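Here is what each chain is made of, one letter per residue.
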Amino acid sequence: MPSHPTLGSRDEYERRLWKPIAATTVLIGTPTYLYYRYNKPQTFDLRIKILGADGAPVMTTKTFPLLSLPVVDERLNANAKSDTITRPGGLTWKYSTASVAANEPLEDAHAEAIIAREPSDPKGPGDWLFFAVMDGHGGPHTSRLLSNTLIHAVVLQLATLIHGSPGSMFSKPGVQNPQTISSVIQSAFTKLDEELINAPLKVLANNIDKESLKNKIIPDLSEHPLALPMMHPAVSGSCALMAVFDTAQRDLYVACSGDSRAVAGIWEESADGTGSWRVEVLSDDQTGRNPNELKRIQSEHPQDEAEHVIRAGRVLGGLEPTRAFGDARYKWPREVQDVLSQAFMVGNNQPLRPAPAALKTPPYVTATPVITHRKFSFDDGSSETSKLGPRFIVLATDGLWDKLSSEEVVALVGGHLKGLRGTVSKTKLQTLVPTSSGSPTVEGKDKIRGNVEGSWSFGDDDLSVHLIRNAFGGSDAFALRKLMSIPSPFARRYRDDTTVSVVWWDEQDNSPKTVEFKAKL
């Protein structure tokens, strides 16, 4: 019977164990051995779904390399940017933005702009500030287009309201109040999507002669220079979330189309010097699981479709957000989809997918946003003992909200702004950074949030990176490395593309740079 080391012979056993290793170091050299010992590649196994030989999905185990923490840090910060700008009137604006991809390429996008009011504007002086995040799906085409056009579309509509335009709904300068401005922002979203969806139909109409139309002959327009640049943004889709700040009237507008979310944190100091961060949710997650969205969509279609327009929380059982740009397969009639596929896509070897089986009375999806209005102060006048302090807004695609609650996000940003650094347990943060409830969160889907145990990390300078790191693992370096190491397309099962923008402001700090803008509105 072979003998096994006892507790008493542990030292002797370890000496015997290290003899062959010591001999090996003589052969390969001590530096080489130490390099291998401490730098050997690390891996992890993951259950993934692949297509089997018969085309059916099967589960299998695949081994992936584990990224080092420095590489993870580099990827978290790769798309991060931040700035601080002081404008006339004592307003200092600070913002940060970061994105981390799960898809390849990244399907999220974002945009920012600051535009000064014209001297002739009766509400001036002041600025319009725009911050937007776009959550693309089915490709990056729609979100990328929106990042270049959505703010411009809103600016043009606002300019029409402010200055008037012959032939428009405001032939003369209109009244600037929360109702008219909300309506203008809403109209800009809706009109831009109409342009996006109708563009292929206009090109087709301009390139088909009467004889072909009479005989129902579909021309091959696959070589048309606009074929793919026009069809891709219409067929793929994107949610859009925009915050519009009107500094002249101290108004904030949040426009939401889809399941991205905007959350504000407002520091309220009590008379005794203590305080808490009030959590104000400024948008609802617009999916089929939102009772208001379910009711709206059912009311827009015949009664016999009531049980089928939303299935498993998704539009016609497929698309999760109920409001989005693009997504033409839920907006075009079936016959139109067939014609446009034949005209533009078949010749490019990219035929459109068949229309959803339950498609009967489109459109089922709209880009028209829900608008929320607040004053900068977020003071509803209900408290006489509170003194308002710092305020911030977080705009993020659903990749963040899949992992973190609105309250957690406000506490993480509030703690960062208050100077917390290092590792803080999740239970301790609730004491260090207390939060109170303002407007509630309307959850739009099943969440896959992590454990309530564990710790948060307060080590990043950039606020947006700080939020993404904590969404993906916080102070648990191994969990963070593992999640960030999963490559596309497998990563999408465990995390989504995630884009975060944080905006915070101070109405008294005049220290940073003052910037003059050439753009006027």
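Details of the structure are given in the entry above.
Okay, so let's go over this structure.

How each quantity is defined
Residues numbered from 1 in each chain as written. Predicted model: local features only at pLDDT ≥ 70, side-chain atom pairs only at ≥ 80, totals over all residues. Heavy atoms only, no water. Helix = DSSP H or I, 4+ residues; strand = E, 2+ residues; numbered from the N terminus. Buried < 20%, exposed > 50% of the residue type's maximum accessible area, 1.4 Å probe, protein only. Contact = heavy atoms within 4.5 Å. Salt bridge = Lys/Arg side-chain N within 4 Å of Asp/Glu carboxyl O. Phe/Tyr/Trp six-rings, centres within 6.5 Å; stacked < 30°, edge-to-face > 60°. Lys NZ or Arg CZ within 6 Å of the ring centre and 35° of its normal. Core = buried A, V, L, I, M, F, W, Y, C linked by side-chain atoms within 4.5 Å. Polar contact = N/O pair within 3.5 Å; in protein donor to acceptor, adjacent residues only side chain to side chain.

When its secondary structure is counted, the protein shows 14 helices and 19 strands. For the protein, the residues scored as buried account for 47% of the 521 residues in total. Look at the contacts in the protein between residues 6 or more apart in sequence, and 73% of them connect residues 24 or more apart.

What the rule picks out here adds up to 20 salt bridges. D121 serves as the salt-bridge partner of R117, at 2.5 Å between the closest nitrogen and oxygen. This pair shows no difference in class: R117 is buried, exactly as D121 is. Where R469 meets D460, a salt bridge forms, and the shortest distance between an N and an O atom there is 2.5 Å.

The next point concerns the packing of aromatic side chains. Tallied over the full model, the rule gives 13 aromatic pairs. With 5.6 Å between their ring centres and 50 degrees between their planes, F189 and F325 make a pair best called tilted. Highlighted residues: F189 in helix 5 (residues 178-206) and F325 in strand 13 (residues 325-326), separated in sequence by 136 residues. Every member of this aromatic cluster is reached through a ring pair, and the members are W93, Y95, F131, F245, F376 and W505. When the ring centre of W267 is taken as origin, the NZ or CZ atom of K418, which lies over that ring, is 4.0 Å away.

Grouped together as the largest cluster of nonpolar side chains are 48 residues, with contacts concentrated most on V394, L400, L429 and L467. Here the element with the most residues in this core is helix 13 (residues 463-472); it accounts for six residues. For L467, the residues in contact, after removing those within four places along its chain, are V394, L400, L404, V409, L412, V413, V500 and V502. Listed in part, the 30 residues of the second largest apolar core include A109, F130, I185 and V244.

Another point: the environment of S439. Secondary-structure assignment places S439 in the loop between strand 17 (435-437) and strand 18 (455-458). Separated by 159 residues in the primary sequence, S439 and E280 place their C-alpha atoms 4.9 Å from one another. Not counting residues within four places of it along the chain, the set of residues in contact with S439 comprises V279, E280, V281 and R374. Of note is the side chain of S439, whose polar atom sits 2.8 Å from the side chain of E280.

All quantities given are derived from atomic positions and should not be read as evidence of function.
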